[in-house]
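Coordinates in review
What follows is each chain in one-letter form.
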Amino acid sequence: MQKVQLFRGRDLLHVAMACMMLFSAVVAVVYCYDPYGRAGIRSSSQVPNVGERELKVSVARNPFFDSAVVGNSTSIPMQPEILDGLTGRKFVSLSVSGSGAPVALTVARFFLRHHPAANTIIVAMDDTWCRNERTMAEGRPFPFWLYSGNLEYIGWLYANMSFELLNHAFFAQGNGFRVDGYRPYDAAFVAHGYDDIAFVKAAMDKVVRPTGTDYVRPFRFEPLIQLEELVSSNPRVTFILFWTPRYLALIPVQDSPAADYDNACKQRSIEIVNHNSNARIVNWAGDSSENRNPANFYETNHYRDTLAIKIEHDIAKSISAAESP
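Now for a look at the structure at hand. (Residues numbered from 1 in each chain as written. Predicted model: local features only at pLDDT ≥ 70, side-chain atom pairs only at ≥ 80, totals over all residues. Heavy atoms only, no water.)

Thoughts on the side chain of R246
Basically, it comes down to this: Counting from the N terminus, the helices are DSSP H or I runs at least four residues long and the strands are E runs at least two residues long. Residue burial is assigned from relative accessible area. The probe radius is 1.4 Å, only protein chains are included, and a residue is buried under 20% of its type maximum, exposed over 50%, and partly exposed in between. Nitrogen and oxygen atoms within 3.5 Å of one another constitute a polar contact, given that in protein one can donate a hydrogen and the other can accept it, and given that sequence-neighbouring residues count only through two side-chain atoms. Only heavy atoms enter the contact rule, under which two residues are in contact if any of them lie within 4.5 Å.
The residue R246 is located in the loop between β4 (238-243) and α10 (257-275) in this model. For R246, a relative accessible area of 12% gives the class buried. Within the structure, R246 has its side chain in polar contact with the side chain of D262 (distance 2.8 Å). Those residues in contact with R246 that lie beyond four places of it in its chain are I251, P252, D262, K266, W284, A285, N291, F297 and T300.

Here it is as C-alpha cells:
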C-alpha cells in the first residue's frame, strides 16, 4: 500500500513538472512573438494597438532615434520632425497622457538603457514634478513592469498568461501609428468646439488662481531629486528641463504661499542645471504675454501648435548652447 502511494506521489510530481515545462515553453514562445515590442523583436509599427502606455515601450526601443521627449499630455505638441529639423537629432515622442513624473522618469531610464549613444532628453515638467515622496504616486495605472528589466517582464508574462494575451501575441494586427510616437491632440479639441477662442477663454477664466498650498517648509521635491540623479549619471546626454506653458489661471498669485512653493520648485530645477553642465532649463510656465493669451490654449495646461513651434525653436537654441564650449 505504501509503494502505491509513493508511485502516485511521484506521478503527480511528474505531471506538475510537465505542466510547468509546457507553461514555460508557452511563455518563451510568447516572449519571442514579442506582443508589446518589449524584446525588440517586433518593430513599433508591427505591435498591435494595446494602448498608449503599452505601445510606447516599442517606440522607446527603436534604435533609429537618438533623442526623446518624455512627459505627459503637456508635451504632446512637441513634434519630433520639427525638433529634428531644428537640431539635427532624431527625436521620438514618448509622452504618455495623464501621467506624472514617475512615468516620465521610468520611460527616460528605459530609453537611455536601450540607447547607449543617446544625445538629448527633453523632460517636459508641470506641477506633478513639485511633489514630495508621499504625494508623487501615479494617479492612473501604468505598466511599470513593461519598462523594467527582463526578469520583471518575464515574471509578468508568467503571472498574467491568458487566452487574451495569446490572441494578442499571435493574431492581433499592427497599430498603424507613427513610428516617432507623435499623436496630436488638437483634432479632438477642435471636434468639441475648443477652436472657439471665446468659449475657451470663458472656460479657463472660471479657474481660480492658486493662493494656498498643503506643503510646508522645508520643501522636498522628490521627482526633482530623482531627476538630478538621472542627469548626473548620464553626463554625455543633454537634458532640457522644459517647464510647460500654463494659462494665467494656473499660475499662483504673486506673493502667496502657492507662489512661494511654486518658485521653490522652479529654483530646485535651476540647482540641477547649476550642478550639471549637461542640463539646461527652458521655462515657459511663468507669467508672460503668451500665457495670458487664451488663443494659445485649448485648456489651462494644453497649448496649441502655434505656441509649440515657438517653444521648439527655444529648445533648439538651448540645445545648441549646451553644445557650445
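Here's the deal with the layout of surface pockets
The cut-off we apply is this: The definitions used throughout rest on a 1 Å grid laid over the protein atoms alone, on which a cavity is an enclosed set of points accommodating a 1.4 Å probe that cannot get out and a pocket is an open set flanked by protein within 12 Å on both sides along at least five of seven lines; lining residues are those having an atom within 4 Å of a point. Grid points are joined across faces, edges and corners, and a volume is the space filled by probe spheres set on the points. Three classes are used: nonpolar for Ala, Val, Leu, Ile, Met, Phe, Trp, Tyr, Cys and Pro, charged for Asp, Glu, Lys and Arg, and polar for all others, with Gly counted as polar.
Of the voids in this model, the largest pocket is the one considered here, and its volume is about 550 Å³. Considering the residues around the largest pocket, the lining is formed by 26 residues, among which D127, P210, R246, L250 and D262 are closest to the centre. With four residues, α10 is the largest single contributor of residues to the lining of the largest pocket. In terms of residue class, the lining of the largest pocket is built from 11 nonpolar, seven polar and eight charged. If you add up the space inside the second largest pocket, you get close to 230 Å³. Forming the walls of the second largest pocket are 17 residues, and the residues nearest its centre are I251, P252, Q254, A259 and N263. Take the lining of the second largest pocket: its biggest share by element is five residues, from α10. Taken together, the residues of the lining of the second largest pocket sort by class into five nonpolar, five polar and seven charged.

What to know about the packing of helix α9 (residues 222-232) against α10
The condition that has to hold: Whenever a helix is involved, its axis is fitted only over the stretch in contact; in every case the axis is a line through C-alpha atoms, and angles between N-to-C directions fall within 0 to 180 degrees. Here roughly perpendicular refers to angles of 65 to 115 degrees, roughly parallel to angles under 35, roughly antiparallel to angles over 145, and oblique to all remaining angles. Two helices crossing with the near one rotated counterclockwise from the far one by less than a right angle form a left-handed crossing, whereas a clockwise rotation gives a right-handed crossing.
The contact between α9 and α10 brings their axes to 10 Å, and the two run at 15 degrees. With respect to α10, the element α9 is oriented roughly parallel. Considering the relative orientation of α9 and α10, their crossing is right-handed. Every residue of α10 that contacts α9 at L224, I225, L227, E228 and V231 is listed here: C265, R268, S269, E271, I272 and H275.

Some words on the nonpolar core
Across soluble globular proteins, nonpolar side chains show a tendency to be buried alongside one another. What counts, and what does not: Throughout, nonpolar core names a set of buried Ala, Val, Leu, Ile, Met, Phe, Trp, Tyr and Cys residues whose side chains join them through atoms within 4.5 Å.
Judged by nonpolar contacts, the single largest core of 52 residues is most densely connected at L94, I121, V123, W129, L227 and F239. Per-element tally for this core: the top contributor is helix α4 (residues 101-114), with nine residues. Those residues in contact with L94 that sit more than four places away from it in its chain are K56, V59, A60, A68, V69, V70, G71, V107 and F111. Counting 21 residues, the second-largest nonpolar core is a separate cluster that includes A124, F242, Y303 and I319.

Here's the deal with empty space enclosed by the protein
In the structure shown here, the tally under the stated rule is three cavities of 30 Å³ or more. Quantified by volume, the largest cavity comes out at close to 60 Å³. Each residue belonging to the lining of the largest cavity can be placed in one class, and the counts come to three nonpolar, one polar and four charged.

As for the packing of α4 against α9
Orientation of α4 relative to α9, taken along the N-to-C sense of each, is 10 degrees, at an axis distance of 10 Å. The angle between α4 and α9 places the two elements in the roughly parallel class. Only P223, Q226, L227 and L230 of α9 make contact with α4, whose side of the interface consists of A101, L105, A108, R109 and L112. Partitioning the contact of α4 with α9 into residue classes produces seven nonpolar, one polar and one charged.

A word on the pattern of salt bridges
Let me state the cut-off plainly: Here, a salt bridge means any side-chain nitrogen of Lys or Arg that lies within 4 Å of a carboxyl oxygen of Asp or Glu.
Scanning the entire structure with this criterion turns up 11 salt bridges. Note that R268 and E228 form a salt bridge whose closest N and O atoms lie 2.8 Å from each other. Here the residue R268 occupies a position in helix α10, and E228 occupies one in helix α9, the gap between them amounting to 40 residues. On the basis of relative accessibility, which here comes to 18%, the residue R268 falls in the buried class.

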